[in-house]
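Listed below are the residues making up each chain.
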Amino acid sequence: MRRLAARGAAGDAGEVAAPAADSTHCAQGRSPSPPRLVTSSGIYSDAGMSGTDQSRPRTTQWWQEISCWLGPFSSRSFVCFLPFFSPRLIDVCAIWDTGVLPPTADWKGASSGVAGARLNEAETLSSIQEAQLERLEVATPCGPGSRERGPVLRMARQQLPPWVHAAILLCLLSLGRAIEIPMDPSIQNELSQPPTITKQSVKDHIVDPRDNILIECEAKGNPAPSFHWTRNSRFFNIAKDPRVSMKRRSGTLVIDFRSGGRPEEYEGEYQCFARNKFGTALSNRIRLQVSKSPLWPKENLDPVVVQEGAPLTLQCNPPPGLPSPVIFWMSSTMDPITQDKRVSQGHNGDLYFSNVMLQDMQTDYSCNARFHFTHTIQQKNAFTLKVLTNHPHNDSSLRNHPDMYSARGVAERTPSFMYPQGTASSQMVLRGMDLLLECIASGVPTPDIAWYKKGGDLPSDKAKFENFNKALRITNVSEEDSGEYFCLASNKMGSIRHTISVRVKAAPYWLDEPKNLILAPGEDGRLVCRASGNPKPTIQWMVNGEPLQSAPPNPNREVAGDTIIFRDTQISSRAVYQCNTSNEHGYLLANAFVSVLDVPPRMLSPRNQLIRVILYNRTRLDCPFFGSPIPTLRWFKNGQGSNLDGGNYHVYENGSLEIKMIHKEDQGIYTCVATNILGKAENQVRLEVKDPTRIFRMPEDQVAKRGTTVQLECRVKHDPSLKLTVSWLKDDEPLYIGNRMKKEDDSLTIFGVAERDQGSYTCVASTELDQDLAKAYLTVLGRPDRPRDLELTDLAERSVRLTWIPGDDNNSPITDYVVQFEEDQFQPGVWHDHSKFPGSVNSAVLQLSPYVNYQFRVIAINEVGSSHPSLPSERYRTSGAPPESNPADVKGEGTRKNNMEITWTPMNATSAFGPNLRYIVKWRRRETRESWNNVTVWGSRYVVGQTPVYVPYEIRVQAENDFGKGPEPDTVIGYSGEDLPSAPRRFRVRQPNLETINLEWDHPEHPNGILTGYTLRYVPFNGTKVGKQIVENFSPNQTKFTVQRADPVSRYRFTLSARTQVGSGEAVTEESPAPPNEAYTNNQADIATQGWFIGLMCAIALLVLILLIVCFIKRSRGGKYPVREKKDVPLGPEDPKEEDGSFDYSDEDNKPLQGSQTSLDGTIKQQESDDSLVDYGEGGEGQFNEDGSFIGQYTVKKDKEETEGNESSEATSPVNAIYSLA
């Protein structure tokens, strides 16, 4: 028996071992030990007890019963999810052969586990083998004395608890996996297949009476099916009616009326039957109806008399057509009726007037019905209106009056509903249809309609408003759209609402439509037919068009409500099953056949295919196969190794092998092997891996001038075994290589670039397997030509029209035109911008200023740049006038403390408006009653002298020319000059503790200007010692500052001054308080630990040491000293010694002194130099180096003889002298 490694979402924690229910146990009259059903709370028992031995006897009983009852299925290994009525959910494996109880997460996990196990040939046997083994096991009865299977099954069913039946049923539902027949015609034609309906007419089939009737019914099957029909549930004998025929190789009915006959005679309910030797398939019940478009009854309509402002409904009442006609309103002259919030057509076709106005009688009203099949329009006799009014004159001006109704004497009234009537109504709609709610109200003024849903919002994704908010349409209605909706009609007189209760019903709709089931002999399967609706639909099963109850019995078939279970299917089990589900709102009919096939594996693709792929790509090697039972498929590489699956490989159920990322080592021969119990088939695919095609030097965007040469590079790297093709596209179209272009393997050259060469260029490097693209854009530059032929027309006092002819834009559209002018009075020869216009115009009206002698020119602009200016136009002078403005940017600022300079921006030629432009300057002190001082100035500045310090002034500057003065100027506030501020007031220094010092001050009494800030300078001092000065700058609003002390001993001297833009003013100085005596004493005690004190002591010690060394050297210069007389120190063997026991401090060995330093070139300094030392005499001075250091040795005089015994003529070094002292 096969083994299934059960895996679930819960891992291995829930696995429980139990013996297999095999034939041996049953033969011995016993069943295997029951498994313990492990839940999250303990061991399940049917008595509801957990973890106790009391549950075992009864559990053993039902387990024995299940084991024997499920004997025929003991080779099946699958997983079920059992929902119990207790709060616990238990995962159980009711049927197995391994004794493993796998914990499963849900049905999907169980199904995938089974499907995965079926695909693993190493762990599974074929379905036919299992079926054969099952039949062998069934032959052994369960329990002593049992000779047949049926009684045992019946007994087990009688003794098992109800929940066990449910568990078994759910487990059986997971059996069977349908085989899909490939679309290959050779296989389709070879395999036997029950009939399947492929095409049929709609259920409600409405036909045009002028055409022949066609009722479609087509089916497929092998052998080809035959067809017959029923009409109104009775056999329809086609042969007896000469008008009726059936299309060849089809079941489609054709009813021909060319020789006469009435189509209405053939109305009824038709059903098609497609049959072959394996079963019968049914079409839907097709209701045939003939389209009708009856005429409108003739009637004489009296004029409709209505009072102005009253509501009115014009009823349409169209004749009942099939299908219902489309209604619209027009006048008798075929002009459409204008509809709006006041006048609109309802869904029932009536025309509603919320209130009638006098203008409504200007036309008549005719209802029109358009019939779909006949394409005819029928028109009802027109209504004419007679409106009674208190204002007989139809004044069109009143239509736009803000209170039109009052103006026409129409009384205003609150809204009332015209449709639907009353305050509440109800409406039923079917699921999936559109819900249309409508509220039409009357009232003066015309009411507004708003829609709401009680207890929630309208579904924004499905709801939309129609007919001027009078209708609410909700598309594709579902159950959650049921509820109460209400419409609110309101105007300024009041409001009213109507509630509509919506009930959503549903015709049957599929939850699980039965599908064709193709099985191998001995396999199990199921057909499921689940549908929902409101009310709940009933389900009826049929087989080959007959009710299942009246069909011959089939021991391999069991019906369980909406499911038919097939066990151990055989060739004789083939049939077509129909599921009919219906309620009062409709029905659904589905055909699903059960076909049993016994086919050895076969390959569906060509053999020994060669597949070439690009490196690092994803690829799939297809190996389509077919067989029944469903074969298992394995892939091998190069004829050896294990099955390829996992890691970089993935095998799909359809046989395709996916390689997620191709590498060089993946090249080789791949073999796919399909196996079932009837045999095996294999195919080979040779895979070659190629290097990708890559453009490693791409063309770059370029900007070129006309006439130049451009080269676009495109260098490519590709697999040498593939043929490379390099082509070029221009603007995504193939590029024509003309005589101005040269195409090479790695570049494209364009000679003499022209405007038409501008565009995008794409290099396409392609092989038969892949391609690479690189794009660049070529921009051809060209500035526009200058405009020409300037002309002045429409000459006016303050305007003129300038017209020009545009120049060539040189392949870059002109975006703007700039008009410039030049005047010959203020700045002759200088051009100024006058205005700017879009590039689409070539004529513009220019606004001019008085008293300017204009001359114009035009410049064209595109994206490349500006054209040369056009030639100037003729001159045009405008007449003079008084100024219309005054100078801007008037300011009054002091340059000194006793003056104020008034400045402004002078007016230009276009604002002077006349000759002799001048300025009247006025000033006076602010907030005084002084009279204005004034002066006339020709420039742009004036200085007022002898002013107080920083005093506000009122200033006015007015323009004037020979034609008069400008407008009254605005008053500007200026200030005279600033001075240095006085000292800050009340400067306070507080020392709350030894770490901080707080400073506070007040603003100066006389700021003499705008304060720009404060400057604080402070230095620490201790007696006569003064530290580094620190400077702090503050904003003018700051009046506090805190100083962090560096040490608790020093005091601080603070100097504070205020600043204006002139500079810093008078300063005020304060010192911090002296420290307390106690703190001073404590600080003195700690002075020995201060760093500065230790440094000072070290410096003094060093100076004393240097003085001692200098004194000793002076004392011992030039002599020979008996060391033993000084101190009895033992000599080393290497020490030079004279016979008299004294040391000779000579340098005859030229040894360096201890502690001497080397020179920069690495050599040791000589202890003496004949050239650098001077002779010394009695009492001679010592020599020093250039850096001031003392020379360590003295030399003998040059003329002294070397034979002066053992007396040394050299002075000892200071180091040796120190040693001798030691």
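How each quantity is defined
Residues numbered from 1 in each chain as written. Predicted model: local features only at pLDDT ≥ 70, side-chain atom pairs only at ≥ 80, totals over all residues. Heavy atoms only, no water. Salt bridge = Lys/Arg side-chain N within 4 Å of Asp/Glu carboxyl O. Helix = DSSP H or I, 4+ residues; strand = E, 2+ residues; numbered from the N terminus. Buried < 20%, exposed > 50% of the residue type's maximum accessible area, 1.4 Å probe, protein only. Disulfide = S-S within 2.5 Å. Core = buried A, V, L, I, M, F, W, Y, C linked by side-chain atoms within 4.5 Å. Contact = heavy atoms within 4.5 Å. Polar contact = N/O pair within 3.5 Å; in protein donor to acceptor, adjacent residues only side chain to side chain. Pairing = 2+ DSSP bridges. Patch = residues over 30% accessible without salt bridge, like charges linked within 9 Å, V, L, I, M, F, W, Y side chains within 5 Å. Areas by Shrake-Rupley, 256 points an atom, 1.4 Å probe, with all protein chains shown as cover. Axes fitted to C-alpha atoms, helices over the stretch in contact; angles between N-to-C directions. pLDDT = per-residue confidence, 0-100. Phe/Tyr/Trp six-rings, centres within 6.5 Å; stacked < 30°, edge-to-face > 60°. Lys NZ or Arg CZ within 6 Å of the ring centre and 35° of its normal.

Moving on, we get to the pattern of salt bridges. In total, this model carries 45 salt bridges according to the counting rule given. Across the pair lysine 380 and glutamate 299 runs a salt bridge whose closest N-O atoms are separated by 3.6 Å. Here lysine 380 is found in the loop between strand 22 (376-379) and strand 23 (385-388), whereas its partner glutamate 299 is found in the loop between strand 15 (286-290) and strand 16 (304-307), with 81 residues between them in sequence. The exposure class of lysine 380 is buried, given its relative accessible area of 8%. A residue is classified by how much of its surface remains accessible, and glutamate 299, at 29% relative accessible area, is partly exposed. Lysine 690 is the partner of glutamate 688 in a salt bridge, and the nearest nitrogen-oxygen pair spans 3.3 Å. Among the ionic contacts, a cluster of salt bridges with common partners joins Arg986, Arg988, Arg990, Glu1000 and Asp1002.

As enumerated under the stated definition, the model contains six disulfides in all. Between the sulfur atoms of cysteine 439 and its disulfide partner cysteine 487 the distance amounts to 1.9 Å. The sign of the S-S torsion, about -70 degrees, decides the handedness of the disulfide formed by cysteine 439 and cysteine 487: left-handed. Here cysteine 487 lies in strand 31 (residues 483-491) and cysteine 439 lies in the loop between strand 26 (435-438) and strand 27 (440-444), a separation of 48 residues in the sequence. With respect to burial, cysteine 439 and cysteine 487 carry one shared label: buried. A sulfur-sulfur distance of 1.7 Å marks the disulfide that ties cysteine 529 to cysteine 579. Torsion about the S-S bond of the cysteine 529 and cysteine 579 cystine: about -70 degrees, corresponding to left-handed handedness. Note that cysteine 529 is positioned in the loop between strand 34 (525-528) and strand 35 (530-534) and cysteine 579 in strand 40 (residues 575-583), a separation of 50 residues in sequence. In terms of burial, cysteine 529 and cysteine 579 fall into one category: buried.

Once that is clear, we can look at the nonpolar core. Core analysis: the largest hydrophobic core is formed by 32 residues, its most contacted members being Ile213, Ile215, Trp229, Leu253, Tyr266, Tyr270 and Phe626. When residues of this core are traced back to their parent elements, those giving at least two are strand 7 (213-215), strand 8 (217-222), strand 9 (226-231), strand 12 (253-255), strand 13 (268-276) and strand 15. Leave out the neighbours within four places in its chain, and isoleucine 213 touches Val207, Leu253, Val254, Ile255, Phe257, Pro263, Tyr266 and Leu288. Leu615, Leu657, Leu687 and Val689 belong to the second-largest nonpolar core, a separate cluster that totals 22 residues.

Looking at the secondary structure, you find asparagine 683 in strand 50 (residues 679-690). A distance of 3.2 Å separates the side chain of asparagine 683 from the side chain of serine 605, its partner in a polar contact. Among the polar contacts listed, one links the side chain of asparagine 683 to the backbone oxygen of proline 606, at a separation of 3.0 Å.

It is worth spelling out the pairing of strand 62 (residues 799-805) at this point. Of the strand pairs in this sheet, strand 61 (residues 788-793) and strand 62 are connected by four bridges, and their pairing is antiparallel. Considered in strand 62, the bridge of leucine 792 is made with leucine 802. The turn linking strand 61 back onto strand 62 is made up of five residues, and aspartate 794 within it adopts a positive phi angle of 50 degrees.

Looking at where threonine 947 falls in the secondary structure, it is placed in the loop between strand 72 (941-945) and strand 73 (952-961). From its side chain, threonine 947 meets the backbone nitrogen of asparagine 899 in a polar contact 3.0 Å long.

For the rest of this paragraph, the subject is a nonpolar patch on the surface. Among the surface-exposed residues, Trp1092, Leu1096, Met1097, Ile1100, Val1104 and Leu1108 lie close enough to one another that they form a single nonpolar patch of about 580 Å² accessible area. By secondary structure assignment, the location of tryptophan 1092 is in helix 11 (residues 1091-1115). Given a relative accessible area of 49%, tryptophan 1092 falls into the partly exposed group.

A word on the sheet that holds strand 81 (residues 1040-1044). Taken together, three strands build an open sheet; the order of strands is 76-77-81 and the sheet is antiparallel. What marks the edges here is a single partner per strand, and that holds for strand 76 (985-990) and strand 81. Here the strands of the sheet are splayed against their neighbours by 15 degrees on average, with no regard to which way each runs. Note: strand 77 (residues 996-1002) against strand 81, five bridges, orientation antiparallel. Bridge pairing links asparagine 998 to threonine 1042 in strand 81.

Per-residue confidence for the chain averages 78 on the pLDDT scale, and 74% of its residues sit at or above 70. This stretch, residues 1119-1222, has a pLDDT under 50; its non-local contacts, to residues over four places away or in other chains, come to 112 contacts.

On to the sheet that holds strand 57 (residues 741-743). Strand-to-strand pairing in sheets goes through backbone hydrogen bonds, with the strands running parallel or antiparallel. Taken together, three strands build an open sheet; the order of strands is 53-58-57 and the sheet is antiparallel. With partners counted over all chains shown, the strands left at the sheet margins are strand 53 (710-713) and strand 57, one partner each. Averaged over all pairs of adjacent strands, the angle between their axes in this sheet comes to 10 degrees, without regard to strand direction. The sheet contact formed by strand 57 and strand 58 (residues 747-750) spans three bridges and is antiparallel. Among the inter-strand pairings, lysine 743 is bridged to a residue of strand 58, identified as leucine 748.

Locating tryptophan 229 in the fold gives a position in strand 9. Taking relative accessible area as the criterion, tryptophan 229 reaches 0% and is therefore assigned buried. Expressed as a C-alpha distance, the spacing of tryptophan 229 and alanine 274, which sit 45 residues apart in the sequence, is 9.0 Å. At 2.8 Å, the side chain of tryptophan 229 and the backbone oxygen of glycine 251 are in polar contact.

Summarising the element assignment, threonine 693 is placed in the loop between strand 50 and strand 51 (694-697). On the basis of relative accessible area, threonine 693 is assigned to the buried category, the value being 0%. Threonine 693 sits 74 residues away from threonine 767 along the chain, and the two C-alpha atoms are 7.5 Å apart. Beyond its immediate stretch of four places on either side in the chain, threonine 693 contacts Val716, Lys717, His718, Leu724, Ala765, Thr767, Asp770 and Asp772.

Moving on, we come to the environment of phenylalanine 486. By secondary structure assignment, the location of phenylalanine 486 is in strand 31. In this structure the C-alpha to C-alpha distance between phenylalanine 486 and serine 501, which are 15 residues apart in sequence, comes to 8.5 Å. Aside from chain neighbours lying at most four places away, what touches phenylalanine 486 is Ala450, Trp451, Tyr452, Arg497, His498 and Thr499.

This brings us to the packing of aromatic side chains. On inspection of all chains with the given rule, the structure shows 20 aromatic pairs. Measuring from centroid to centroid gives 5.4 Å for phenylalanine 566 and tyrosine 577, while their planes differ by 70 degrees, and the two rings are edge-to-face. Of this pair, phenylalanine 566 sits in strand 39 (residues 563-566) while tyrosine 577 sits in strand 40, placing them eleven residues apart in sequence. According to the relative accessible area criterion, phenylalanine 566 is buried, its value standing at 1%. Classification of tyrosine 577 by relative accessible area gives buried; the value is 1%. Put simply, the rings of Phe987, Trp1001, Tyr1014, Phe1034 and Phe1041 touch in pairs and so form one group of aromatic residues. Of note, arginine 620 hangs over the ring of tyrosine 652, and the distance from its end group to the ring centre comes to 4.1 Å. Here the guanidinium or amino end of arginine 877 rests over the ring plane of tyrosine 851, the centre of that ring lying 5.6 Å away.

That bond from leucine 322 to proline 323 is cis: its omega, -5 degrees, falls within 30 degrees of zero. Residue placement: proline 323 occurs in the loop between strand 17 (312-314) and strand 18 (326-330). Of note, the amide linkage connecting tyrosine 419 to proline 420 takes the cis form, showing an omega dihedral of -15 degrees. Tracing the sequence through the fold places proline 420 in the loop between strand 24 (413-419) and strand 25 (424-430). If you check the backbone angles, asparagine 317 has positive phi at about 50 degrees while not being a glycine. Mapped onto the elements of the fold, asparagine 317 is located in the loop between strand 17 and strand 18.

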